Amino acid sequence: MPFFLSLDCGLTVCKAAVFDENGNRLGERREATPLRGFRMDSAALWASAARCVREALAASSVVAGEIAAVGLSGHGNGLYALDGAGECFLAVSSMFNENQQDVDAFRESEAYAEYFARTSQSCWGGQPLQILRRLKKTAPGEYA
C-alpha cells in the first residue's frame, strides 16, 4: 500500500501529515512557524519541518522508505537568499510590506503595464524582486 507525506510550512504553522491511498490521515505533527517580524530563521524553519516530518511518520508507524510521494506547500513568495556556498543567509516573509511606497510607485509606472501583461500577476511587497529592490536601496551590503 502506498503512503503519502504532506508538508506545509506556512506563515503561521508548519505541519506534516502521512496519508494512506484512501486519504486517511495516519499521523500528523504541527508547530508554530518560527518568525521574527518579517525575517524568518531559516535554520529554525528547517528544524521545525524536519521535526514535523519525523513525528508525523512516528505517529503513523509508516517507515520513510514506504512514502510513495511528497506534497509540499508553503507561504508563497518571500525571499530566501543564498550565499556563495549555497547557505541561506536571509529569509524574508511574503508578508513583507516595508517597501509599500516603492511598490505603489511601480504600480503607477509604465513598466507595470508591461510587467502585468507578461506575468498576469499583481505586484506586492512580499515578492522576491520587490524585496531585492528594497535591499538594494536600503541595505546594499546585504544585497551584494
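Calculation rules
- Residues numbered from 1 in each chain as written.
- Predicted model: local features only at pLDDT ≥ 70, side-chain atom pairs only at ≥ 80, totals over all residues.
- Heavy atoms only, no water.
- Salt bridge = Lys/Arg side-chain N within 4 Å of Asp/Glu carboxyl O.
- Helix = DSSP H or I, 4+ residues; strand = E, 2+ residues; numbered from the N terminus.
- Axes fitted to C-alpha atoms, helices over the stretch in contact; angles between N-to-C directions.
- Left-handed = near helix turned anticlockwise from the far one by under 90°.
- Contact = heavy atoms within 4.5 Å.
- Nonpolar A, V, L, I, M, F, W, Y, C, P; charged D, E, K, R; others polar.
- Phe/Tyr/Trp six-rings, centres within 6.5 Å; stacked < 30°, edge-to-face > 60°.
- Buried < 20%, exposed > 50% of the residue type's maximum accessible area, 1.4 Å probe, protein only.
- Pairing = 2+ DSSP bridges.

1. Notes on the pattern of salt bridges
All told, the structure shown has 10 salt bridges when counted by the stated rule. Across the pair arginine 39 and glutamate 142 runs a salt bridge whose closest N-O atoms are separated by 3.1 Å. Remark: glutamate 142 occurs in helix α5 (residues 140-143) and arginine 39 occurs in strand β5 (residues 39-40); sequence separation between them is 103 residues. Among the charged side chains, a network of salt bridges with common partners joins Arg29, Glu31, Arg51 and Glu55.

2. Thoughts on the packing of helix α2 (residues 100-108) against helix α4 (residues 128-138)
At their nearest, the axes of α2 and α4 sit 10 Å apart, and the two run at 120 degrees to each other. Crossing of α2 against α4: the hand is right-handed. On α4, the residues touching Asp102, Val103 and Phe106 of α2 are Gln130, Arg133, Arg134 and Lys137. Its residues placed into classes, the contact of α2 with α4 shows two nonpolar, one polar and four charged.

3. Examining the packing of aromatic side chains
Summed over all chains, the structure comprises five aromatic pairs. Measuring from ring centre to ring centre gives 5.4 Å for phenylalanine 106 and tyrosine 112, while their planes differ by 90 degrees; the resulting arrangement is edge-to-face. The two residues phenylalanine 106 and tyrosine 112 agree in class, both being buried. Ring centres of tyrosine 112 and phenylalanine 116 lie 6.3 Å apart, and the angle between their planes is 35 degrees; this geometry places the pair in the tilted category. Taken as a pair, tyrosine 112 and phenylalanine 116 lie in helix α3 (residues 110-119) at a separation of four residues, close to a single helical turn. For tyrosine 112, a relative accessible area of 15% translates into the label buried. Among the aromatic residues, those joined into a ring-pair cluster are Phe106, Tyr112, Tyr115 and Phe116.

4. A closer look at the sheet that holds strand β3 (residues 25-32)
Reading across the sheet, the four strands line up as β3-β2-β1-β6 and stay open at both edges, with mixed pairing between neighbours. Each having just a single partner strand, β3 and β6 (67-74) make up the two edges of the open sheet. Put simply, the sheet's adjacent strands are angled 10 degrees from each other on average, direction ignored. Across seven bridges, strand β1 (residues 3-9) lies against strand β2 (residues 13-20) in antiparallel orientation. Its bridge partner being in β2, aspartate 8 is matched across the sheet by lysine 15. Seen against the sheet, helix α1 (residues 42-60) touches β1, β2, β3 and β6 and runs at an angle of roughly 155 degrees to β3.

5. Observations regarding the environment of alanine 105
Within the secondary structure layout, alanine 105 lies in helix α2. Judged by relative accessible area, which is 48%, alanine 105 ranks as partly exposed. Along the sequence, alanine 105 and alanine 17 sit 88 residues apart, while their C-alpha atoms lie 42 Å from each other.

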